[in-house]
Amino acid sequence: RFVKLISFFSLFLMKKILLVFLLLLLMGCQKEKIEDDVSLEKNNYYGYLIIPSLNITYGFYDIHNEFNNVDKNVTLINSNIENTYVLAAHSGSGNLAYFNDLKYLKKYDELYLKFKDKILKYEIVNIKSEKKNGKIKIKNKENQLILTTCDQIKKGNQLIIEANLKIDNNFK
């Protein structure tokens, strides 16, 4: 009797898994429409970082906002380079580990920054790891997006993702 009950539940579970798999297969993957994904008004964010390959969207605040703090959110750091954005966040475990999955990014992956009046499309050109000392080295050039977090693979290092601007969809 017990064996029949287990067999029944196994069959029921297999049917559910098969149904979910078929639904996913039939639905397919749709090309992401960045314009409609997020609303800037929701949390008074300055902008959004969108990483399609990781299915991640994170809002971030203006440099002068009190919530622009790595201990609270993804943080925008002043690069002092025109049109170059540096975003930092924690990785590891816990609620603040926003950049935990950056380790899965690859060269040529696309990244987007969405602002109220424009969407910037970037392509990853370099992924590197440097000794962690509170600073990162970035190229002194315009039109970059730099993402940085603690390197989860090389402990004591900082993971740095460098991306170059590909498309600027300015809505002004």
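Residues numbered from 1 in each chain as written. Predicted model: local features only at pLDDT ≥ 70, side-chain atom pairs only at ≥ 80, totals over all residues. Heavy atoms only, no water.

Q: I tried to follow the overall build of the chain on my own but got confused; where do I start?
A: Broken down by element type, the chain carries two helices and eight strands. The N-to-C order of helical and strand elements in the chain reads α-α-β-β-β-β-β-β-β-β. Put simply, the chain has 172 residues, and 35% of those count as buried. In the chain, of all internal contacts separated by at least 6 residues, the share reaching a separation of at least 24 is 54%. Counting every atom, the chain has about 11500 Å² of accessible surface; 55% of that belongs to carbon and sulfur. (Helix = DSSP H or I, 4+ residues; strand = E, 2+ residues; numbered from the N terminus. Buried < 20%, exposed > 50% of the residue type's maximum accessible area, 1.4 Å probe, protein only. Contact = heavy atoms within 4.5 Å. Areas by Shrake-Rupley, 256 points an atom, 1.4 Å probe, with all protein chains shown as cover.)

Q: Would you mind showing me how to read the layout of surface pockets here?
A: In this structure, the largest pocket encloses a volume near 310 Å³. What lines the largest pocket is a set of 18 residues, among which Ile77, Ala88, Ile136, Thr148 and Gln158 lie closest to the centre. The leading source of residues in the lining of the largest pocket is strand S7 (residues 144-150), at three residues. Class assignment of the residues belonging to the lining of the largest pocket gives a composition of eight nonpolar, eight polar and two charged. (1 Å grid on protein atoms, 1.4 Å probe; cavity = no way out; pocket = protein on both sides within 12 Å on 5 of 7 lines; lining within 4 Å. Points joined across faces, edges and corners; volume = space filled by probe spheres on them. Nonpolar A, V, L, I, M, F, W, Y, C, P; charged D, E, K, R; others polar.)

Q: What is the right way to look at the pairing of strand S4 (residues 85-88) in this model?
A: When a strand is regular, its side chains alternate between the sheet's two faces. Here S4 shows no split at all, with Tyr85 and Leu87 on one side and Val86 and Ala88 on the other all buried. Relative to S4, strand S3 (residues 75-77) is paired through three bridges, and the arrangement is antiparallel. When the sheet's bridge partners are listed, threonine 75 is paired in S4 with alanine 88. Of the pairings in the sheet, the one linking S4 to S7 comprises four bridges and is parallel in character. Bridged to leucine 87 within S7 is leucine 147. (Pairing = 2+ DSSP bridges.)

Q: How do you make sense of the pairing of strand S1 (residues 47-51) when you look at a structure like this?
A: With respect to burial, S1 is a largely interior element, five of its five residues being buried. A two-sided burial pattern is seen for S1, the buried positions comprising Gly47, Leu49 and Ile51 on one face and Tyr48 and Ile50 on the other. Connecting the antiparallel pair S1 and strand S2 (residues 56-60) is a turn made up of four residues, with asparagine 55 showing a positive phi of about 55 degrees. When S1 meets strand S5 (residues 110-114), the two strands line up antiparallel, connected through three bridges.

Q: Looking at this structure, I do not really get the side chain of asparagine 100. What am I missing?
A: Residue position: asparagine 100 is located in the loop between S4 and S5. Here the side chain of asparagine 100 touches glycine 92 through a polar contact of 2.9 Å, landing on its backbone nitrogen. (Polar contact = N/O pair within 3.5 Å; in protein donor to acceptor, adjacent residues only side chain to side chain.)

Q: Would you take a moment to explain the packing of aromatic side chains for this structure?
A: The geometry of an aromatic ring pair is captured by the separation of the ring centres together with the interplanar angle, meaning the angle of the planes. Counted by the stated rule, this structure contains eight aromatic pairs. Ring geometry for phenylalanine 60 versus phenylalanine 115: centroids 6.1 Å apart, planes at 85 degrees, classification edge-to-face. Residue phenylalanine 60 is located in strand S2, and its partner phenylalanine 115 is located in the loop between S5 and strand S6 (118-131); the two are separated by 55 residues in the primary sequence. Accessibility classification places phenylalanine 60 together with phenylalanine 115 in one group, the buried group. Pairwise contacts between aromatic rings join Tyr45, Tyr48, Tyr61 and Phe67 into one cluster. The ring centre of phenylalanine 115 lies 5.9 Å from the NZ or CZ of lysine 118, which sits over that ring. (Phe/Tyr/Trp six-rings, centres within 6.5 Å; stacked < 30°, edge-to-face > 60°. Lys NZ or Arg CZ within 6 Å of the ring centre and 35° of its normal.)

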